[in-house]
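Here are the chains, one letter per residue:
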Amino acid sequence: MNVIGAPLSRVDATQKVTGKAKYSAEFKTPKLAYAVMVTSTVPSAQIFNMDKNDAERATGVIAVITPEDALKLPGAESRLTVLQDAQVHYNNQPIAIVVAEQLHQAQYAATLLKIQYQDEPAKLDFIAGFPASYPGSHTGIPGDMSFGDVESGMRTAEVKVDQIYTTPIQHHNPMEPHATMAQWDGDHLTIHDATQHISGVQKTLAKTFGVPNENVHVISWFVGGGFGCKGEVWSHVVLAAMAARQVNRPVKLVVERPQMFGPVGARPQTYQHLTVGATRDGKLTAIRHEVHAHTSMIEDYLESSAFPTRVMYSCPNVATIHRLVQLNMGTPTYMRAPGVATGTYAVEVAMDELAYELKMDPLQLRLLNYTDVDPHTKIPFTEKHLRECYTQGAERFGWSKRNHEPRSMRDGSQLIGWGMATETYPGKNLPAGALVRLQPNGRVLVASGSQEIGTGMYTVMTQVAADVLGMSPSLIDARLGDTDYPEAPISAGSMSTASVGPAVQQAAIQVRQKLLQMAIGDAHSPIYGARLEEADFKDGKVFLKSAPGKSEPYSTLIDRNGNPAVEAIAKVKPQLNQKEFSCHSFGAIFAEVAVDPDLGMVRTRRIVAVYDVGKVINQKLAHSQFTGGIVWGVSLALQEDTAVDPRNGRIMNANLADYHVPVNADIGEIDVAAIDIPDPKLDSLGARGIGEIGITGTGAAVANAVFHATGKRVRDLPITPDKLV
Ligand code: MOS
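Cut-off values and rules
- Residues numbered from 1 in each chain as written.
- Predicted model: local features only at pLDDT ≥ 70, side-chain atom pairs only at ≥ 80, totals over all residues.
- Heavy atoms only, no water.
- Helix = DSSP H or I, 4+ residues; strand = E, 2+ residues; numbered from the N terminus.
- Rg over C-alpha atoms; globule rule 2.2 N^0.38 Å.
- Buried < 20%, exposed > 50% of the residue type's maximum accessible area, 1.4 Å probe, protein only.
- Contact = heavy atoms within 4.5 Å.
- Areas by Shrake-Rupley, 256 points an atom, 1.4 Å probe, with all protein chains shown as cover.
- Lys, Arg positive; Asp, Glu negative; His and termini not counted.
- Charge placed at Lys NZ, Arg CZ, Asp CG, Glu CD.
- Pairing = 2+ DSSP bridges.
- Axes fitted to C-alpha atoms, helices over the stretch in contact; angles between N-to-C directions.
- Phe/Tyr/Trp six-rings, centres within 6.5 Å; stacked < 30°, edge-to-face > 60°.
- Lys NZ or Arg CZ within 6 Å of the ring centre and 35° of its normal.
- Core = buried A, V, L, I, M, F, W, Y, C linked by side-chain atoms within 4.5 Å.
- Polar contact = N/O pair within 3.5 Å; in protein donor to acceptor, adjacent residues only side chain to side chain.
- Salt bridge = Lys/Arg side-chain N within 4 Å of Asp/Glu carboxyl O.
- Parallel < 35°, antiparallel > 145°, perpendicular 65-115°, else oblique.
- Left-handed = near helix turned anticlockwise from the far one by under 90°.
- Nonpolar A, V, L, I, M, F, W, Y, C, P; charged D, E, K, R; others polar.

S.K.: Hey, could you run me through the overall build of the chain in this one?
M.R.: For the chain, the count of helices and strands is 16 helices and 29 strands. Relative to the compact-globule value of 27 Å for 725 residues, the chain shows a C-alpha radius of gyration of 27 Å, a close match. Summarising its shape, the C-alpha atoms of the chain cover approximately 80 × 75 × 50 Å along the three principal directions. Across the 725 residues that make up the chain, the buried fraction comes to 62%. Intrachain contacts of the chain at a sequence separation of at least 6 include 81% that bridge at least 24 residues. Put simply, the chain shows about 27,000 Å² of open surface, and 51% of that area lies on carbon and sulfur atoms. Here the chain holds 66 positive side-chain charges and 75 negative ones, and the gap between their average locations is 3 Å.

S.K.: Any chance you could explain the sheet that holds strand E25 (residues 547–553) here in plain terms?
M.R.: Sheet strands associate in pairs through backbone hydrogen bonding, adopting either a parallel or an antiparallel arrangement. Reading across from one edge, E23-E24-E25 is the order of the three strands in this open sheet, with antiparallel pairing throughout. The open sheet has two free edges, formed respectively by strand E23 (535–538) and E25, since each of these has just one partner strand. Between one strand and the next, the sheet's axes are offset by a mean angle of 30°, whatever the strand orientation. As judged from the four bridges shared by E23 and strand E24 (residues 541–544), these two strands associate in the antiparallel manner. Looking across to E24, one finds that phenylalanine 537 is bridged to valine 542.

S.K.: Whenever I open this one, unusual backbone geometry confuses me. Can you help?
M.R.: Keep in mind that most residues, glycine aside, have a negative phi and that most peptide bonds are trans. Look at the link from leucine 717 to proline 718: it is a cis peptide, with omega at -5°. Here proline 718 is to be found in the loop between helix H15 (698–710) and helix H16 (721–724). With a phi angle near 60°, phenylalanine 227 is a residue other than glycine that sits in the positive phi range. Looking at the secondary structure, you find phenylalanine 227 in the loop between strand E13 (216–219) and helix H6 (235–247). A residue is classified by how much of its surface remains accessible, and phenylalanine 227, at 27% relative accessible area, is partly exposed. Its identity as a non-glycine residue notwithstanding, aspartate 539 has a phi of 50°, on the positive side.

S.K.: Looking at this structure, I do not really get the packing of aromatic side chains. What am I missing?
M.R.: Here a ring pair, both rings aromatic, is described through the centre-centre distance and the interplanar angle of the planes. Scanning all chains against the criterion turns up 19 aromatic pairs. A ring pair is formed by phenylalanine 397 and tryptophan 418, whose centres lie 4.8 Å apart and whose planes are at 75°; its orientation type is edge-to-face. With phenylalanine 397 in helix H9 (residues 386–397) and tryptophan 418 in strand E19 (residues 414–426), this pair connects stretches of sequence that are 21 residues apart. Like phenylalanine 397, the residue tryptophan 418 is buried in the burial classification. By the ring-pair criterion, three or more aromatic residues cluster together here, those being Phe397, Trp399, Trp418 and Phe590. It is lysine 384 that lies over the ring of phenylalanine 586; its NZ or CZ is 4.4 Å from the centre. The aromatic ring of phenylalanine 707 is capped on one face by arginine 713, whose charged end is 3.9 Å from the ring centroid.

S.K.: Help me understand the nonpolar core in this model?
M.R.: Where a protein is soluble and globular, its nonpolar side chains tend to be buried together. Judged by nonpolar contacts, the single largest core of 87 residues is most densely connected at Leu354 and Val702. Ranked by the residues each element gives to this core, the list is headed by helix H7 (residues 340–358), at eleven residues. Apart from the residues within four sequence positions on either side, valine 702 is in contact with Ala591, Val593, Thr604, Ile607, Val634, Ala637 and Leu638. Core analysis: the next-biggest nonpolar cluster, separate from the first, contains 52 residues, Tyr458, Ile520, Val566 and Ala687 among them.

S.K.: Looking at this model, I keep getting lost on the pairing of E24. Mind explaining?
M.R.: On a regular strand, one side chain projects to one face of the sheet and the next to the other, so that they alternate. Joining the antiparallel neighbours E23 and E24 is a turn of two residues, in which aspartate 539 adopts a positive phi near 50°. As defined by bridge partners, E24 adjoins E25 across four bridges and the pair is classed as antiparallel. Across the sheet, the residue bridging to phenylalanine 543 is serine 551, located in E25. Here E24 folds back onto E25 in antiparallel fashion, the turn holding two residues.

S.K.: It is not clear to me how the pairing of strand E16 (residues 284–295) should be interpreted in this structure. Could you clarify?
M.R.: The element E16 is extensively covered by neighbouring structure, given that eleven of its twelve residues are classed as buried. Hairpin connection of strand E15 (residues 270–278) to E16: five residues between the antiparallel strands, including glycine 282 at a positive phi of 95°. Where E16 and strand E17 (residues 318–326) come together, nine bridges link them in parallel fashion. Residue pairing for E17: alanine 293 is matched across the bridge by leucine 324.

S.K.: Please clarify how the environment of threonine 279 should be interpreted in this entry.
M.R.: Inspection of the secondary structure assignment puts threonine 279 in the loop between E15 and E16. For threonine 279, a relative accessible area of 18% gives the class buried. Placed 79 residues apart in sequence, threonine 279 and leucine 358 show a C-alpha to C-alpha distance of 9.1 Å. In this view, threonine 279 contacts Glu158, Val159, Thr285 and Leu358; residues no more than four positions away in its chain are not counted. Side chain to side chain, threonine 279 and aspartate 281 meet in a polar contact 2.4 Å long.

S.K.: What am I meant to see in the pattern of salt bridges here?
M.R.: It is possible for side chains bearing opposite charge to pair when their charged atoms get close. Tallied over the entire structure, the rule returns 36 salt bridges. Linking arginine 10 and glutamate 452 is a salt bridge whose minimum nitrogen-to-oxygen distance equals 3.9 Å. Remark: glutamate 452 occurs in the loop between strand E21 (444–448) and helix H10 (457–469) and arginine 10 occurs in the segment before helix H1 (13–17); sequence separation between them is 442 residues. Overall, the relative accessible area of 23% leaves arginine 10 in the partly exposed class. Residue glutamate 452 is classed as buried on the basis of its relative accessible area, which comes to 0%. One salt bridge connects lysine 52 with glutamate 56, and the closest N-O pair in it is separated by 3.5 Å. Here lysine 52 falls in the buried class, since its relative accessible area comes to 14%. For glutamate 56, a relative accessible area of 36% translates into the label partly exposed. One network of salt bridges, in which partners are shared, links Asp411, Glu592, Arg605 and Arg606.

S.K.: Can you walk me through the side chain of threonine 462 in this structure?
M.R.: Position of threonine 462 among the secondary structure elements: in helix H10. Aside from chain neighbours lying at most four places away, what touches threonine 462 is Val11, Pro473, Ile476 and Ala478.

S.K.: Looking at this structure, I do not really get the packing of helix H13 (residues 619–638) against H15. What am I missing?
M.R.: When two helices pack together, their arrangement is given by the angle between their axes and by how far apart the axes lie. Relative to each other, H13 and H15 sit at 50°, their axes nearing to 7 Å. Judged by the angle between their axes, H13 and H15 are oblique. The two elements H13 and H15 meet at a crossing, and its hand is right-handed. Residues Gly629, Ile630, Gly633, Val634, Leu636, Ala637 and Leu638 of H13 form the contact with H15, whose participating residues are Thr698, Gly699 and Val702. For the contact of H13 with H15, the residue count by class is six nonpolar, four polar and no charged.

S.K.: Help me understand the sheet that holds E21, please; the structure alone is not making it clear to me.
M.R.: Ordered by their spatial adjacency, four strands build an open sheet running E22-E21-E20-E26, and the pairing between neighbours is mixed. Among the strands making up the open sheet, the edge pair consists of strand E22 (476–480) and strand E26 (566–572). This sheet shows a mean twist of 15° between the axes of neighbouring strands, independent of strand direction. Relative to the sheet, H10 contacts strand E20 (432–438), E21 and E22, its axis offset from that of E22 by approximately 135°. Against the sheet, helix H11 (residues 496–520) makes contact with E20, E21 and E26, and its axis sits at roughly 145° relative to E26, the strand it touches most.

Structure, rendered in structure tokens:
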């Protein structure tokens, strides 16, 4: 059996479905106290008075911590300067914390605080903020980048699309809300945290509280969904640690669902002005993509919507521009395919509009502008097989049977539409470490300071170690989510497999080597005296390649040698030279929708997508990731929309009933496949990552299908019935 690529079920599946998998809020410890955050009810103010007498007298209350008596945080920055002053920057900002013996006691006491604000002017009008907007960057990459000469490219254009596309604020809603349990022992802090980045939590808390990194121990065995909102450290983590310090007891703080809307990030709203020029025969001559996105008053976060425009098509003249607009809202953050999801929507709808202007098949237009090199840098891609994705996707979907005319297809009273889009996401990785240890009991420990955010990290680590060691995955024990293990990067950016996988692989190779050396140097071993290349290790046994009968279990070997730890720690750095190669995943997605012409209701009936993501490490997990991403894309196109009260910045649908995400009935059939061609230039596994690409083209494919069904172009997401009727 080939373990790499196999559709192995999650090794943690049983733990998850039986409730044995332990999430951060489920840990218990003696003397545990419960903390509840009190949040602001105005968007911009000075807290002028906070009367906590009643709250402090309530049953079970241990402490009520306000800006007046909060611990001073020596190293806190920006949003983590929480309770350090009386300033309110957004509605729902944490402004006090109540600690009690029981959760319900803390919740009740929190309602007894009497807060008086001195209101200040609030910036809540996105468009009105455009004149004061300013440039920004995303993960160090500048927001403004151009190549060629867009003005002259636009002059030579015979056909143009010039439109505004907008996307709303969205809030991540993982099933597991953010949760932190903090305990101090002297100057040592132990934290159980629902996070995508344990070492980030470690370093940030160490700096915030002014203690060395090694004094902070972060544990996170399972995370019930992250999607970007658990990538950074937010104020509640600091508040839990602060409260634990101030009451001198372990403290648990679980963010309440309405508090998920503001203090822990969001996808910012975007206003995207796209101008696309082409010749009459469909060759792109210029693209200008200008993005306005909101950020908070205290920090810059840039939704990099024009980034995909830089790599998608062969076009000699491209300008990408981003502007940040400050609002009295919580700081936005990464949300599944940050920038790429919102930006691909805009570009791929603009391409569809261009196809209609040209009376050309939308897939034909993409093929006509296909690029084999990065159009910006002119360097080649590590691997790019998008052409195969288009061909296979179109074939599986039956695209050739499409009638290009809008409103040309019906099923009874329903209008049927077919739309397509290109998908893309950067391929990248970061330095990562892993430990592999052969244990005397015949099992193998594999450990890395990575995270399991629902994507299958335990399983990938298991598969890679099993592959190198030639052992059954059932003999591998994968461990992660503990800062005592070798450091690994944030679980984000679709890069965990391409980062942690190679580290596990390296450590396993080294362990194998050590074991064989021990065997050939041991006079009692059946392969004593062999040369290294004559020996091998498989199924838990060392053996001689020329005479496989000469073998023994590795546990016997190490037992005879006094049970030394046969282990290795590998630290692997990214190997790709980014000056030589551009690394991106691509895909093609096709959608069929049915629209009720009277009610404006849209159903996605069928979605087909084919991806080029490098080597697929686990067919089953990959299928789940692609499917999950597509469901997110349908949500982007048709449902998700955070509604903000323009008078006070209050979020009006801060709950799972009013914040709409798809249910099964909204989704229909999803058919996904991957080309599965390895990309060895990025990493030794040849995997590029699969967590985010699924959302990227879906919004546009669905929006384009809605236009094809109805003849009505909605450029303002989500496409709700009121916009169609
Ligand atoms: Mo993802 S939004 O990069 O956690």
